[in-house]
Amino acid sequence: MEADESKRDRTPTLADVARQAKVSTATVSRCLNSPDQVVAKTRTKVLEAVRKLGYAPNFNARALAAKRTNTIGAIIPTMENAIFARGLQAFQEELGRNGTTLLVASSSYQSGLEEEQIRTLVSRGADALLLIGYHRDPEIYEFLRRQGVPVVIAWVFDPKAKFPTVGFDNFSAMKALANKVIRLGHRRIGVITGATQDNDRSTERLRGIRSAMTDAGIPEETLSIAETTYGIAEGGIALEHLMSQPSRPSVVMCGNDVLAVGAIAKAKELGIDIPRDLSVTGFDDLEIAKISSPSLTTVHVPHRRMGKEAARMLINMVSKKERQDKILIETSLEMRESLAEYSE
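Residues numbered from 1 in each chain as written. Predicted model: local features only at pLDDT ≥ 70, side-chain atom pairs only at ≥ 80, totals over all residues. Heavy atoms only, no water.

Trainee: Even after reading the chapter, I still don't get the overall build of the protein, so can you show me in this structure?
Mentor: Of regular secondary structure, the protein possesses 14 helices and 12 strands. With respect to the principal axes defined by its C-alpha atoms, the protein has extents near 90 × 40 × 35 Å. Across the 344 residues of the protein, 49% fall into the buried class. A fraction of 69% describes how many contacts in the protein between residues 6 or more apart in sequence connect residues 24 or more apart. Approximately 17400 Å² of the protein is accessible, and the part contributed by carbon and sulfur atoms is 49%. Computed over 46 positive and 43 negative side-chain charges, the inter-centroid distance for the protein is 9 Å. (Helix = DSSP H or I, 4+ residues; strand = E, 2+ residues; numbered from the N terminus. Buried < 20%, exposed > 50% of the residue type's maximum accessible area, 1.4 Å probe, protein only. Contact = heavy atoms within 4.5 Å. Areas by Shrake-Rupley, 256 points an atom, 1.4 Å probe, with all protein chains shown as cover. Lys, Arg positive; Asp, Glu negative; His and termini not counted. Charge placed at Lys NZ, Arg CZ, Asp CG, Glu CD.)

Here it is as structure tokens:
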């Protein structure tokens with residue numbers, strides 16, 4: 001009786017799973033570590049035995065033996081809206097297909113907090129990290145180099161950067177949209193942007209607008225800028241500020257779709273017709289861009305492809321396989337109802 005109870009209380013082992021599934025321990029191990037290498041019928045038997053016995057692999061022991069934890073960390077600026085959700089979902093799916101677990105942290109756009117999170121993820125054994133944007137203290141990059149932790153930078157692209165990158169050119173993408181805005185006759189441009197300090201995505205998008213204006217001979221002093229935090233309500237407040245200026249813009253270009261939707265909602269409250277009285281554009285092409293009323297002209301970013309490619313690059317870096325160091329993700333313009341031609 002006591003022996004039976006002791007057996008029931010004992011933590012199940014790999015050998016127990018093998019006996020239950022009537023396969024070898026090597027097959028069980030392969031099924032758990034490389035499921036794509038095991039036929040479906042055998043994999044089903046093994047996973048059923050794992051479930052029935054309540055078996056949990058000893059990842060600590062495995063990590064010590066392999067000098068890897070099969071975990072990859074990602075630090076994103078925010079979880080409060082959908083800006084990073086689609087890319088991160090694809091990133092996690094690709095990691096999962098390769099037996100790798102994702103650990104996620106949010107820095108709230110605070111560089112000090114991000115540095116703390118980087119050190120914490122490394123101390124917890126993350127094999128590699130996904131980071132958003134290049135801009136951070138060089139000391140943190142040196143820390144990662146000394147620790148031997150591979151890093152991929154996403155949501156930006158600079159062919160001259162020292163770090164492996166999967167991303168898009170924020171400057172060129174926003175300049176292309178600004179060029180379209182200007183060709184439609186707009187000369188008084190307003191911008192609602194996230195904070196530009198320590199944020200190279202916002203900085204580059206704003207630089208793209210300025211560059212398009214310079215090329216078109218539009219004086220920079222006609223550009224009105226409202227800097228704010230990301231959120232629908234914040235986009236509305238910024239829109240109200242811009243429209244209270246003595247020289248009101250004919251178009252408001254927003255740093256992302258979340259701000260743009262907030263701006264459109266506030267414009268309706270103020271009795272401003274979009275796009276008859278004011279055009280509004282966004283950036284990202286989130287789902288809300290399509291269902292906004294009017295639908296939102298924006299820059300389409302292939303977030304899922306970016307996330308998938310970033311995961312593949314990091315997996316290859318951890319496995320020391322041959323890889324590309326730079327992958328440029330092309331963006332495109334999505335012309336919808338919120339942008340119209342303008343004439344004085």
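Trainee: I tried to follow the packing of helix α3 (residues 25-33) against helix α4 (residues 40-53) on my own but got confused; where do I start?
Mentor: In helix packing, the relevant descriptors are the interaxial angle and the interaxial distance, both defined with respect to the helix axes. Running from amino to carboxyl end, α3 crosses α4 at an angle of 90°, the nearest separation of the two axes being 10 Å. Here α4 runs roughly perpendicular to α3, going by the angle between their axes. Here Thr-27, Val-28, Cys-31 and Leu-32 of α3 lie close against α4, whose contacting residues are Thr-42, Arg-43, Val-46, Leu-47 and Val-50. (Axes fitted to C-alpha atoms, helices over the stretch in contact; angles between N-to-C directions. Parallel < 35°, antiparallel > 145°, perpendicular 65-115°, else oblique.)

Trainee: Is there a simple way to explain the sheet that holds strand β7 (residues 224-228) in this structure?
Mentor: Either a parallel or an antiparallel arrangement is found when strands of a sheet pair, and the pairing is made through backbone hydrogen bonds. Taken together, 4 strands build an open sheet; the order of strands is β7-β6-β8-β9 and the sheet is parallel. Only two strands of the sheet have a single partner each, and these edge strands are β7 and β9 (279-281). Sheet twist, expressed as the mean angle between neighbouring strand axes with direction ignored, is 15°. Examined bridge by bridge, strand β8 (residues 251-254) and β9 share 3 bridges and lie parallel to one another. Note that in β9 the partner of Met-253 across the bridge is Thr-281. The sheet strands contacting helix α11 (residues 232-243) are β6 (189-194), β7 and β8, and the helix crosses β7 at an angle near 155°. (Pairing = 2+ DSSP bridges.)

Trainee: Looking at this structure, I do not really get the pattern of salt bridges. What am I missing?
Mentor: Oppositely charged side chains can pair when the atoms bearing their charge come close. According to the stated counting rule, one finds 20 salt bridges in the structure shown. The closest approach of N and O atoms between Arg-312 and Glu-94, which form a salt bridge, is 3.3 Å. Remark: Glu-94 occurs in helix α6 (residues 85-97) and Arg-312 occurs in helix α14 (residues 303-318); sequence separation between them is 218 residues. Of the charged contacts, one joins Arg-276 and Asp-277 as a salt bridge, the two residues approaching to 3.4 Å between their closest N and O atoms. Among the residues examined, Arg-276 registers a relative accessible area of 64% and is labelled exposed. Taken together, the shared-partner salt bridges in this structure form one network comprising Asp-285, Lys-290, Glu-334 and Arg-336. (Salt bridge = Lys/Arg side-chain N within 4 Å of Asp/Glu carboxyl O.)

Trainee: Looking at this model, I keep getting lost on the packing of helix α2 (residues 14-21) against α4. Mind explaining?
Mentor: Running from N to C, α2 and α4 cross one another at 120°; their axes reach a closest spacing of 9 Å. When the axes of α2 and α4 are compared, the pair comes out oblique. Here α2 and α4 pass one another in a crossing that is right-handed. Judged by residue contacts, Asp-16, Val-17, Gln-20 and Ala-21 of α2 engage Lys-45, Val-46, Ala-49, Val-50, Lys-52 and Leu-53 from α4. The class makeup of the residues in the contact of α2 with α4 is 6 nonpolar, 1 polar and 3 charged. (Left-handed = near helix turned anticlockwise from the far one by under 90°. Nonpolar A, V, L, I, M, F, W, Y, C, P; charged D, E, K, R; others polar.)

Trainee: Help me understand empty space enclosed by the protein, please; the structure alone is not making it clear to me.
Mentor: Taking a probe equal in size to a water molecule and rolling it over the atoms shows the remaining empty space. Per the stated rule, a full pass over the model turns up 2 cavities of 30 Å³ or more. Computed from the structure, the largest cavity encloses a volume of approximately 90 Å³. What lines the largest cavity is Ile-83, Phe-84, Tyr-109, Trp-155, Asn-199, Arg-201, Arg-205, Tyr-230, Gly-255, Asn-256 and Asp-284. Broken down by class, the residue content of the lining of the largest cavity amounts to 5 nonpolar, 3 polar and 3 charged. (1 Å grid on protein atoms, 1.4 Å probe; cavity = no way out; pocket = protein on both sides within 12 Å on 5 of 7 lines; lining within 4 Å. Points joined across faces, edges and corners; volume = space filled by probe spheres on them.)

Trainee: Before we go on, may I ask you to explain the nonpolar core in this structure?
Mentor: One finds Phe-91, Ile-189, Ile-192, Ile-209, Met-253 and Val-280 to be the most contacted residues of the largest nonpolar core, which totals 70 residues. Among the elements that line this core, the one with the most residues is α14, at 8 residues. Ignoring any residue separated from it by four or fewer positions in sequence, one finds Ile-192 in contact with Ala-226, Thr-228, Gly-235, Ala-238, Leu-239, Leu-242, Val-252, Met-253, Cys-254, Gly-255, Leu-259 and Ala-263. Counting 18 residues, the second-largest nonpolar core is a separate cluster that includes Leu-121, Val-122, Leu-129 and Phe-143. (Core = buried A, V, L, I, M, F, W, Y, C linked by side-chain atoms within 4.5 Å.)

Trainee: What exactly am I supposed to notice about α2 here?
Mentor: Along an α-helix, a turn takes 3.6 residues, which lines up residues three or four apart on a common side. Listing the buried residues of α2 in full gives Asp-16, Val-17, Ala-18 and Ala-21. Looking at the packing, one finds that the buried side of α2 touches α3 and α4. Following α2 by one or two positions, Lys-22 adopts a phi angle in the positive range, close to 60°.

Trainee: Where do I start with the side chain of Thr-193 in this structure?
Mentor: Residue position: Thr-193 is located in strand β6. Thr-193 sits in the buried class, given a relative accessible area of 4%. If near-sequence neighbours (up to four positions away) are discounted, Thr-193 is found in contact with Ser-202, Ile-225, Ala-226, Glu-227, Thr-228 and Leu-259.

Trainee: Got a minute to help me understand the sheet that holds strand β11 (residues 326-328) in this structure?
Mentor: An order of β2-β1-β3-β4-β5-β11 is seen for the 6 strands of this open sheet, with the pairing classed as parallel. Taken across any chain shown, the strands that pair with only one partner, and hence form the sheet edges, are β2 (101-106) and β11. Taking the axes of each pair of neighbouring strands and ignoring which way they run, one obtains an average angle of 20° across the sheet.

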